Amino acid sequence: GAVVSQHPSWVICKSGTSVKIECRSLDFQATTMFWYRQFPKQSLMLMATSNEGSKATYEQGVEKDKFLINHASLTLSTLTVTSAHPEDSSFYICSAEPGQGARTQYFGPGTRLTVT
Amino acid sequence: DAKTTQPPSMDCAEGRAANLPCNHSTISGNEYVYWYRQIHSQGPQYIIHGLKNNETNEMASLIITEDRKSSTLILPHATLRDTAVYYCIVRNTGFQKLVFGTGTRLLVSP
């Protein structure tokens, strides 16, 4: 299957700072990537859909000014958590779908964010 | 909201078949059934998907009822490494978001 990577795999930051998480499709191009968040013992919740060359589409309740998404190329999307607070501590996971005809999303390994 | 219903947990003995059920009674004609699993602290792993016909790959088999209102994921010879949360998801076309429910926590024991 296709491979999606994330960097970093874990990060600890201080309250009030910003953190950038990268999501890369390693062996395919992805016009669309997705960002999810998962709190302990809960299921994945979609945060936003990232479209290459255009603005991201955010799910209801997700602050677009706090969670900045940039999809600058067909293999890279970034999620920046701005002015992070302890309640932003979570497991952030991205996914991507290979080009036309493919109907399968592949997920990255996730990034564990801890805000102190 | 998730369109599927799964039992919260199941147990299976190592080496035996694990049969994970999923109800999707409101599935529409152009919606596929997808299965993913998530091992603790990892991203979800794609397992299999299907539309109408039964499907098999190196990981599992997917059995879809004729009316498409339910399906079963079969792991033919479960191993300890198959312990994970298994998610059954319905989705209509490509590039659409996946809506995760609570899934089934499968525990494979020696």
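Presented here is a report on the structure given in the accompanying data block.

Parameters at a glance
- Residues numbered from 1 in each chain as written.
- Chains lettered and ligands numbered in written order.
- Predicted model: local features only at pLDDT ≥ 70, side-chain atom pairs only at ≥ 80, totals over all residues.
- Heavy atoms only, no water.
- Contact = heavy atoms within 4.5 Å.
- Buried area = accessible area lost by both parts, 1.4 Å probe.
- Salt bridge = Lys/Arg side-chain N within 4 Å of Asp/Glu carboxyl O.
- Helix = DSSP H or I, 4+ residues; strand = E, 2+ residues; numbered from the N terminus.
- Nonpolar A, V, L, I, M, F, W, Y, C, P; charged D, E, K, R; others polar.
- 1 Å grid on protein atoms, 1.4 Å probe; cavity = no way out; pocket = protein on both sides within 12 Å on 5 of 7 lines; lining within 4 Å.
- Points joined across faces, edges and corners; volume = space filled by probe spheres on them.
- Core = buried A, V, L, I, M, F, W, Y, C linked by side-chain atoms within 4.5 Å.
- Buried < 20%, exposed > 50% of the residue type's maximum accessible area, 1.4 Å probe, protein only.

1. With respect to the interface of chain B and chain A
Then step 1. The interface of chain B with chain A comprises 20 residues on the first partner and 24 residues on the second.
Then step 2. Each partner contributes to the roughly 1,700 Å² buried at the junction of chain B and chain A, and carbon and sulfur atoms together form 54% of this total.
Then step 3. Linking chain B with chain A are 2 salt bridges.
Then step 4. Two residues, A:E97 and B:R91, come together in a salt bridge whose shortest N-O distance is 3.1 Å.
Then step 5. Where the side of chain B that touches chain A is concerned, the elements lending two or more residues are strand 3 (32-38), strand 4 (45-50) and strand 8 (84-91) of chain B.
Then step 6. Sort the elements by how many residues they give to the side of chain B that touches chain A and strand 3 of chain B lands first, with 4 residues.
Then step 7. Its residues placed into classes, the side of chain B that touches chain A shows 9 nonpolar, 9 polar and 2 charged.

2. Re the layout of surface pockets
Then step 1. Considering only enclosed or pocket space, the largest pocket measures out at about 540 Å³ in volume.
Then step 2. Considering the residues around the largest pocket, the lining is formed by 23 residues, among which A:Q38, A:K41, B:H40, B:V85 and B:R105 are closest to the centre.
Then step 3. If you list the elements that add at least two residues to the lining of the largest pocket, you get strand 8 and strand 9 (104-109) of chain B.
Then step 4. Partitioned by chemical class, the residues of the lining of the largest pocket number 10 nonpolar, 10 polar and 3 charged.

3. Some details on the nonpolar core
Then step 1. A:Y36, A:F107, A:L113 and B:F100 are the most contacted members of the largest nonpolar core, which has 41 residues in total.
Then step 2. Broken down by element, this core gets its largest block of residues, 5 residues, from strand 9 (residues 90-96) of chain A.
Then step 3. Of all hydrophobic cores here, the second largest spans 21 residues; its members include B:A18, B:L75, B:V90 and B:V108.

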